[in-house]
Amino acid sequence: MRVLIIEDEASIANFVRDGLQEEGFAVDVAANGKEGMQLALMNLHEYDIILLDWMLPGVSGIEICRAIRQENRFIPIIFLTAKDTVDDAVFGLQTGANDYIRKPFSFEELLARIRVLLRSKENEIVEFTAAGITLNVEKHTVTSHARSVELTQKEFALLEYLLRNKGSVCRRTRIIEKVWDIHFDYDNSVIDVYINALRRKLDTPGAPSVITTVRGVGYKIDG
Ligand code: CA
């Protein structure tokens, strides 16, 4: 899952970014309205959700929200707002945001709202099972043949992406777009390193790997 945060207050942006990275999200941050507008519109298909500050220097959150909605009606948008009148909240939702959260907010509350929006987008699937592996997004747990497995954040995110697309080949470029953030240097071999780590942790000795390599294309977990 990949998130774009558009927020000019560095302390809030960092706090949300760090929390989401710990949950396995890939996170891009834009620190002003212009950069946020550019990132959002250039990479719209790569983001699963956008967190958008209302009051931004240059281009306002409202303008960005409208521009995003012209391009994509479905990507979830949550406003981060210091405004606290009901009128403003209603106006924010009318411009096409799905939800809003008032500052100051707790990370847990923000995460819960993000999960709700992503869940409705993904047809309420919070647990994925394939090839003897079970991954629970909300509990952040993984088991392989009923054995509990500890994964790093990126390993978890990569496995989640493969399981969400189980039965289909996941192209390397799409994996990079969805699991790594904008600072990824496009060294494809990094993906192989993570796939190998997942195999070491998930596979049963002597049995075929749960992750299939599709030569020259990507990887797949059979459904
Ligand atoms: Ca602001």
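Residues numbered from 1 in each chain as written. Predicted model: local features only at pLDDT ≥ 70, side-chain atom pairs only at ≥ 80, totals over all residues. Heavy atoms only, no water.

Thoughts on the sheet that holds strand β5 (residues 99–102)
Note the following rule: By definition, two strands form a pair when at least two bridges between them are found by DSSP. By definition, any uninterrupted DSSP run of H or I lasting at least four residues is a helix, any uninterrupted run of E lasting at least two residues is a strand, and each is numbered from the N terminus. A fitted line through C-alpha atoms represents every axis, and for helices the fit uses only the stretch in contact; the resulting angles, taken between N-to-C directions, go from 0 to 180 degrees.
Spatial strand order, β2-β1-β3-β4-β5: five strands in an open sheet with parallel pairing. In this open sheet, the two strands that pair with only one neighbour each are β2 (26–30) and β5. Pairs of neighbouring strands in the sheet enclose a mean axial angle of 20°, with direction left out of account. Pairing analysis gives four bridges linking strand β1 (residues 2–6) to strand β3 (residues 49–53), with the strands arranged parallel. Counted as the bridge partner of L4 is I50 from β3.

Some remarks on the packing of aromatic side chains
Two numbers describe a pair of aromatic rings. These are the distance of the centres and the angle of the planes. This is how it is decided: Two rings from Phe, Tyr or Trp (for Trp, the six-membered ring) form a pair when their centres are within 6.5 Å of each other. A pair whose planes differ by under 30 degrees is stacked, one over 60 is edge-to-face, and the rest are tilted.
Throughout the structure, instances matching the rule amount to four aromatic pairs. The interplanar angle of 40° and the centroid separation of 6.3 Å between the aromatic rings of F15 and F105 together place this pair among those described as tilted. Of the two residues, F15 sits in helix α1 (residues 10–22) while F105 sits in the loop between β5 and α5 (107–121), which places them 90 residues apart along the sequence. Where F15 meets F107, the ring centres are 6.3 Å apart and the plane angle is 75°; that geometry is what we call edge-to-face. Within this pair, whereas F15 is found in helix α1, its partner F107 is found in helix α5, the two being separated by 92 residues in sequence.

What about the domain arrangement of the chain?
Applied cut-off: What fixes the domain bounds is an automatic or database domain assignment. Contacts between residues were defined by any pair of non-hydrogen atoms, one from each residue, lying within 4.5 Å. By buried area we mean how much accessible surface two parts lose on assembly, using a 1.4 Å probe and totalling the loss over both. Take a side-chain nitrogen of Lys or Arg and a carboxyl oxygen of Asp or Glu: if they are within 4 Å of each other, that pair is a salt bridge. Polar contacts here mean pairs of N or O atoms no more than 3.5 Å apart (in protein, one a potential hydrogen donor and the other a potential acceptor; neighbouring residues in sequence count only if both atoms are side-chain atoms).
What the domain assignment lists for the chain is domain 1 (2–121) and domain 2 (127–220). Counting residues at the interface gives 17 residues for domain 1, matched by 14 residues for domain 2. Here domain 1 packs against domain 2, burying approximately 1,300 Å² in sum over the two surfaces, 41% of which is carbon and sulfur. For domain 1, the biggest contributors to the area lost against domain 2 are R2, G24 and R115; these three give 32% of the whole. The interface formed by domain 1 and domain 2 contains two salt bridges. At the junction of domain 1 and domain 2, the tally comes to four residue pairs in polar contact (both at pLDDT 80 or more). Counting residues per element, the ones that place at least two in the side of domain 1 that touches domain 2 are α1, β2 and α5.

Some words on the sheet that holds strand β9 (residues 147–149)
Read across the sheet, four strands follow the order β6-β7-β8-β9 without closing on themselves; strand pairing throughout is antiparallel. The sheet is open, and its two edges are formed by β6 (127–130) and β9, each paired on a single side. Neighbour-to-neighbour, the strand axes of this sheet turn through a mean angle of 20°, independent of strand direction. Where strand β8 (residues 141–144) and β9 come together, three bridges link them in antiparallel fashion. Within β9, the residue paired with V142 across the bridge is V149. In this fold helix α6 (residues 153–164) packs onto β6, β7 (133–136) and β8, with an angle of close to 110° to the strand it touches most, β7. Lying on the sheet, helix α8 (residues 189–202) is in contact with β7, β8 and β9; it crosses β9 at an angle near 155°.

Some remarks on the packing of α6 against helix α7 (residues 172–179)
The line we're drawing: Oblique is the label for any angle not under 35 degrees, not over 145, and not in the 65 to 115 range, which are roughly parallel, roughly antiparallel and roughly perpendicular in turn. Left-handed describes a crossing in which the near helix is turned anticlockwise from the far one by less than a right angle; the clockwise case is right-handed.
Contact pair α6 / α7: the axes reach a minimum separation of 10 Å and the direction vectors enclose 125°. Considering the angle they form, α6 stands oblique to α7. For the element pair α6 and α7, the recorded crossing hand is right-handed. Facing α6, whose interface residues are K154, A157, L158, Y161 and L162, α7 presents R174, I175, K178 and V179.

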